[in-house]
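Next come the chains, spelled out residue by residue.
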Amino acid sequence: MAKYIEMIRIRFLMMLAYRTNYYSGILIYSINIGAYYFLWSAIYGEKESIQGLSVIQMTTYIAVAWMARAFYFNNIDREIATEIKDGKVAIEFIRPYHYLRMKMMQALGEGIFRLFFFSVPGMVIVYLFFPLDLSTNVVIWISFFVSIMFSFIINTQINLLAGITTFFLYNNDGLIRAKRVVIDLFSGLLLPISFYPIWAQEVMGYLPFQAISYIPSMIFTEGFKGMDIVNALILQGIWSIILIIPIQLLWMLAKKQLIIQGG
């Protein structure tokens, strides 16, 4: 386990060396949240709430969703694809660690960096300029942090699946781009899932994407309360377990399929 903890530390320090790159990212995210705030203010008009969310709750939802994305977002799918194309993956296979676990730990190191140097300062800046409803309930905060950890796990697992497909497709850039669009659209990042038509909500209920953004954002804005929070966390836990199965199956097939394209 020590070597995986060291990977988290190394990736964190690597990100720390280029931390100035994220200052512009905080500004861009803040502008993005501001644009959504004015858009939803116009949509709400004189209405006090839509689908059970007030305009302040919606603003909070948007801010939390985007700042949480900074934590769970990573590019390990592209890293895996690049290492396969360059032939570097062959060297990784003979090193004394599990390749996929190593990638997940690297993603966690990046996520921890983004949490402290992107999400937290970004949330402070947004709070100063836009009306947000930050809960004072300790249970809500604890539930939220548990939820975004599940968000990280599930999003990273989906990225691992996308990265592993490079063993079979050799060039999966289009798939990776499509995956990112699907996650942003169906995870509730751009629009709360409760705003979709009923039939679309039923379909999304069978997909893992809502466990990435919608659930933590609804917990934080108290759109979920009581047993709804417990059920939502259980759902995230179930998906984090279910996704292990296709990852392991694809990984076993991928190792037999390995063809080095460069190196």
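Criteria and thresholds
Here, residues in each chain are numbered from 1, in the same order as that chain's written sequence. Given that the model is predicted, a residue must reach a pLDDT of at least 70 before its local features are reported, and side-chain atom pairs must reach 80 or more before they are shown or counted; all residues, however, enter totals for whole chains, interfaces and linings. Where side-chain values are given, they derive from all heavy atoms of the structure, hydrogens and water being excluded. For the purposes of this section, nonpolar cores are sets of buried Ala, Val, Leu, Ile, Met, Phe, Trp, Tyr and Cys residues that join through side-chain atoms within 4.5 Å. Per-residue accessibility, obtained with a 1.4 Å probe over protein chains only, is compared with the maximum for each type, and a residue is labelled buried under 20%, exposed over 50%, and partly exposed between these values. Under the scheme used here, helices are H or I runs from DSSP no shorter than 4 residues and strands are E runs no shorter than 2 residues, and both carry numbers assigned from the N terminus. For this analysis, residues touch if any pair of their heavy atoms sits within 4.5 Å. Here, the arc refers to the directions that run from the helix axis to the C-beta atoms. Geometry of aromatic contacts follows a simple scheme: Phe, Tyr and Trp rings, the Trp one being its six-membered ring, pair when their centres are within 6.5 Å, and the pair is stacked under 30 degrees between planes, edge-to-face over 60, tilted otherwise. For a helix, the expected span equals 1.5 Å multiplied by the number of residues minus one. A cavity here means a set of 1 Å grid points, computed over protein atoms only, where a 1.4 Å probe fits but cannot escape. A pocket is an open set with protein on both sides within 12 Å along at least 5 of 7 lines, and lining residues have an atom within 4 Å of a point. Grid points are joined across faces, edges and corners, and a volume is the space filled by probe spheres set on the points. Under the convention adopted here, Pro, Cys and the residues Ala, Val, Leu, Ile, Met, Phe, Trp and Tyr are nonpolar, Asp, Glu, Lys and Arg are charged, and Gly plus all remaining residues are polar.

Undergrad: Please set out the nonpolar core residue by residue, giving values where relevant.
TA: Counting residues in hydrophobic clusters, the biggest one holds 78 residues, and the most contacted among them are Met 58 and Phe 224. With twelve residues, helix α3 (residues 55-72) is the largest single contributor of residues to this core. Discounting chain neighbours no more than four positions away, the residues touching Phe 224 are Tyr 214, Ile 215, Met 218, Ile 219, Ile 229 and Ala 232.

Undergrad: Explain helix α4 (residues 76-86) to me, and be specific about the residues and the numbers.
TA: Restricting attention to buried positions, one finds in α4 the residues Ile 76, Asp 77, Ile 80, Ala 81, Glu 83 and Ile 84. Viewed end-on, α4 has its buried residues packed into an arc of 165 degrees, placing them on one side of the element. On its buried side, α4 packs onto α5 (88-93), α6 (99-129), α7 (138-164), α8 (166-169) and α9 (173-186). Gly 87 sits one or two residues past α4 and shows a positive phi near 85 degrees.

Undergrad: So what about the packing of aromatic side chains? Which residues, and what values?
TA: Counted under the stated rule, the structure contains 21 aromatic pairs. Between the aromatic rings of Tyr 37 and Phe 130, the centroid separation amounts to 5.5 Å while the plane-to-plane angle is 55 degrees, which identifies the pairing as tilted. Taken as a pair, Tyr 37 in helix α2 (residues 21-44) and Phe 130 in the loop between α6 and α7 lie far apart in primary sequence, 93 residues in all. Relative to Phe 220, the ring of Trp 141 has its centre 5.0 Å away and its plane inclined at 85 degrees; by these criteria the two rings are edge-to-face. Of the two residues, Trp 141 sits in helix α7 while Phe 220 sits in helix α11 (residues 214-220), which places them 79 residues apart along the sequence. Since its relative accessible area comes to 31%, Trp 141 is described here as partly exposed. Ring-pair connections join several aromatic residues into one group, and the members of that group are Tyr 29, Tyr 36, Trp 66 and Phe 118.

Undergrad: Go over helix α1 (residues 2-17), please, and point to the residues and values.
TA: Helix length check: α1 (16 residues) gives 23 Å between terminal C-alpha atoms against 22 Å at 1.5 Å per residue, within 8%. Listed as buried for α1 are Tyr 4, Met 7, Ile 8, Arg 11 and Met 15. The buried residues of α1 occupy an angular sector of 100 degrees when projected down its axis, which confines them to one face. Of the exposed residues in α1, the ones pointing more than 90 degrees away from its buried face are Ala 2 and Ala 17.

Undergrad: Now, about empty space enclosed by the protein: what can you tell me, with residues and values included?
TA: Taken as a whole, this structure holds one cavity of 30 Å³ or more when the rule is applied. Approximately 90 Å³ is the volume attributed to the largest cavity. Lining the largest cavity are Arg 69, Tyr 72, Phe 73, Asn 74, Asn 155, Asn 159, Lys 179, Arg 180, Ile 183 and Asp 184. When residues of the lining of the largest cavity are traced back to their parent elements, those giving at least two are α3, α7 and α9. Sort the elements by how many residues they give to the lining of the largest cavity and α9 lands first, with four residues. Along the lines of polarity and charge, the residues of the lining of the largest cavity split into three nonpolar, three polar and four charged.

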